[in-house]
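Fold and contact review
Spelled out from the first residue to the last, the chains are:
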Amino acid sequence: MGRRRARRARHPSLAGAGRLSAIVSLSFEDSRRLTGPNLYFAEPGAVLEAVGEVADSAVAAWRANIATMREHLGWPEATLCVRAHHGGLALAFAAPIDQLFTATEVNEWAWMAAIGKTELFAPGHPHGTDPDSALQMLLRHSAAERRPDLFALIEIASKRGVPVLLDDDCLSIGSGKRSQIWPLAALPHPDTVAWSRLGGIPTALVTGSNGKTTTVRLLAAMLNAHGLRCGFSCTDGVFIDGRMLEAGDYSGPAGARSVLRAPVEAAILETARGGLLRRGLAVGRADAAIVTNISDDHFGEYGIDDLEGLTDAKLIVARALDPRGTLVLNADNELLRKRAQGQPCRVAWFSLDDSHPLLRSHRANGGTTCGVLDNRLWLSHGDARLDLGAVSMMPLSANGHAAYNISNIAGASLLADALGVPATTISDVVLRFGLGREDNPGRLERWQFGGISVLMDYAHNPEGLHGLLSIARALGGSGRLGLILGQAGNRGNTEIRSLAAMAARFEPAIVVLKEMQGFMRGRARAEVAQLLRDALLALGMTPESLPMMPSEQAAAREALAWARPGDTIVLPVHERAARDAVRRLLDHLEETGWQAGQALPGTS
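Just so it is clear, the structure is predicted and the values come from calculations on it, not from any experiment. (Residues numbered from 1 in each chain as written. Predicted model: local features only at pLDDT ≥ 70, side-chain atom pairs only at ≥ 80, totals over all residues. Heavy atoms only, no water.)

All right, on to the sheet that holds strand β1 (residues 28-34) then. In space, the four strands of this open sheet follow the order β1-β2-β4-β3, with antiparallel pairing throughout. In the strand order of this sheet, the two ends are held by β1 and β3 (80-85), each with one partner. Here the strands of the sheet are splayed against their neighbours by 15° on average, with no regard to which way each runs. With respect to the sheet, helix α1 (residues 56-73) is in contact with β3 and β4 (88-94), its orientation differing from that of β3 by roughly 155°. Each of β1, β2 (45-51) and β4 touches helix α2 (residues 100-114); the most contacted strand, β1, lies at about 150° to it. (Pairing = 2+ DSSP bridges. Helix = DSSP H or I, 4+ residues; strand = E, 2+ residues; numbered from the N terminus. Axes fitted to C-alpha atoms, helices over the stretch in contact; angles between N-to-C directions. Contact = heavy atoms within 4.5 Å.)

In the structure shown here, the tally under the stated rule is 27 salt bridges. In this structure, Arg32 engages Glu49 in a salt bridge whose closest nitrogen and oxygen atoms are separated by 3.4 Å. Pair noted here: Arg32 is in strand β1 and Glu49 is in strand β2, with a separation of 17 residues, a long-range link. Here Arg32 falls in the buried class, since its relative accessible area comes to 4%. (Salt bridge = Lys/Arg side-chain N within 4 Å of Asp/Glu carboxyl O. Buried < 20%, exposed > 50% of the residue type's maximum accessible area, 1.4 Å probe, protein only.)

Before going further, it helps to spend a moment on the environment of Gln448. Summarising the element assignment, Gln448 is placed in strand β19 (residues 445-449). Separated by 120 residues in the primary sequence, Gln448 and Thr568 place their C-alpha atoms 9.3 Å from one another. Not counting residues within four places of it along the chain, the set of residues in contact with Gln448 comprises Ser453 and Glu590.

Our next topic: α2. Between the first and last C-alpha of α2 there are 21 Å, a value that for 15 residues agrees with the 21 Å anticipated at 1.5 Å per step. Among the 15 residues in α2, 14 count as buried, and that is most of the element. (Expected span 1.5 Å × (residues − 1).)

Turning our eyes to something else, we now look at the packing of helix α16 (residues 552-562) against helix α17 (residues 576-592). Viewed as axis vectors pointing N to C, α16 and α17 meet at an angle of 30°, and their least axial separation amounts to 9 Å. Relative to α17, the element α16 is oriented roughly parallel. Crossing hand, α16 versus α17: right-handed. Where α16 abuts α17, its residues Glu552, Gln553, Ala556, Arg557 and Leu560 lie against Ala578, Ala581, Val582, Leu585, Leu586 and Leu589. Its residues assigned to classes, the contact of α16 with α17 shows eight nonpolar, one polar and two charged. (Parallel < 35°, antiparallel > 145°, perpendicular 65-115°, else oblique. Left-handed = near helix turned anticlockwise from the far one by under 90°. Nonpolar A, V, L, I, M, F, W, Y, C, P; charged D, E, K, R; others polar.)

With that settled, the discussion passes to unusual backbone geometry. Phi is positive for Ala398, close to 50°, though the residue is something other than glycine. Following the sequence through the fold, Ala398 ends up in the loop between β18 (384-390) and α11 (403-418). If you check the backbone angles, Leu444 has positive phi at about 50° while not being a glycine. Assignment of secondary structure puts Leu444 in the loop between α12 (423-430) and β19.

Right, let's talk about the side chain of Arg583 for a bit. Relative to the helices and strands, Arg583 is located in helix α17. Since its relative accessible area comes to 16%, Arg583 is described here as buried. A polar contact is formed between the side chain of Arg583 and the side chain of Glu445, at a distance of 2.9 Å. For Arg583, the side chain forms a polar contact with the side chain of Asp580, separated by 3.0 Å. Those residues in contact with Arg583 that sit more than four places away from it in its chain are Pro441, Gly442, Glu445, Trp447 and Met456. (Polar contact = N/O pair within 3.5 Å; in protein donor to acceptor, adjacent residues only side chain to side chain.)

Three or four residues apart is the spacing at which side chains of an α-helix point the same way, because the helix has 3.6 residues per turn. Counting buried positions along α12 gives six out of eight residues, so the element sits mostly inside the fold. For α12, the set of buried residues is Ala423, Thr425, Ile426, Ser427, Val429 and Val430. Contact partners of the buried residues in α12: α5 (212-225), β17 (376-381), β18 and α11.

Note that Ser142 resides in helix α3 (residues 131-145). For Ser142, a relative accessible area of 1% puts it in the buried group. Each C-alpha atom of the pair Ser142 and Met112 lies 19 Å from the other, and the pair is 30 residues apart in sequence. Discounting residues that sit within four places of it in the chain, Ser142 has contacts with Leu73, Trp75, Gln99 and Thr102.

This part is about the sheet that holds strand β16 (residues 368-373). Taken together, the eleven strands give an open sheet; going across it, the order is β11-β10-β9-β12-β8-β13-β14-β15-β16-β17-β18, and neighbouring strands pair in mixed fashion. Among the strands making up the open sheet, the edge pair consists of β11 (243-247) and β18. Between one strand axis and the next, the sheet turns through 15° on average, direction left out of account. In terms of strand pairing, strand β14 (residues 326-330) meets strand β15 (residues 346-351) through five bridges, oriented parallel. If you follow Val328 over to β15, its bridge partner there is Ala348.

Now the structure itself:
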């Protein structure tokens, strides 16, 4: 089940209640609210992660217990879902939006009663009593949580087609500049709401294994060029009209709420798998969504064990689209091709090959595609074809060598098209975006100075590293290759070794192993770096070529100090503060005429 610790959402009225015995963790690892469309269904609800082998009779008893408690609590019948994975089962059911804390308690009671372990709960806990007493306690919790005023506002907004955003403190109706926010403690009467002023704004969701932030930034540039005041959230922060509002990883629900509650005219929301699986989507509706690609990453968390499960997790974004919405998918990914059937919306396909059989058949049926033919990018609506320009002239393509960025350009172009941006505007943007490093900081930034080439990127998994090192080899000529390498602690050992294997494929002369202080996530200091080093040694690298450094910034300095004229240095840097520091160093070296082999500033 991975390295995460159990997180249990508690009903506010249970503050101070006795904690579960440690034995309970052997029966379920996690119990949490699902506040939006999620892996299991399109409604809010609750999910419990049961661990170990589970008998069919226990699952049947859980279903019966949920049905019984729903009836007693007056909740309507709704979806139940049982999803098997390597570590056990996910047991989920849909519940009213104003009853989600109680729903987690119901789920825990239903499961523990099903396996006969209610005695493991501490005295005073509702699940440790006889069924009648447990029912009375859950009825009290349900009554305390029930918010008919909230329900009424959400129902009216739904009938009017107006989006809502709800968190533990606030309700907002509408989005962007067409929204209004109220604290939950002071909700208005529906008759006092200025409904005519509230509504939605063009909204896109961006997910996938790689390329999310680049796609977000490129789409934002297209919408800005179209004259819309755009807000976006991503792994670097929340940005409104080009200005950073908040710094940090905001690729989850908090970032989405920040953007959609700002006075913007369009919203782009990077949507990472962690938030999707923990809580579900922050938004109930969007106009367009994209899955950029699917590759090995983050296995073992929240019951996602393989690429098929990861694909399903990424496709949660489709639950926010109605038949008028557009789901943009990568035709070069086999799993996305397989999972595209039965989506409740229009699908637009992109590929590095405009002659891809799927793109051709999709166009023959009047569909929308974007692909590369004879070094040009074509946006097509059925038989109508629009030339967006020469791929090698698009700065993000790195002279046509950055295949993954060409895919990002094609996907972003389809999103922009779905949001009403004219093809001429799309073309203008893709032919200039990336000319300056400030367009896409931290993603394929390039420097040439002192006789060396330097690339800095966020590459964080084997596929991302493959793309980055392929570009380095294509641009770097016959010189030596130097690399810094690290990984977040919440990846499994197999994933960490796979990253090392990918690095070794490109025969670097040096790999500087780095600790990532902000990404240790339960690992001991230097544990991940040592795993990488051991894997690289097993693959034939020498101990002298594998120095270990205590930070990303120190690792970058070590690689630069090693470099000699003709070398290419590749710097996958993940922590924001480290990226900023390394960027300042590289700019300084470029400006001062530093030459490879000289001492770096700050050293003797």
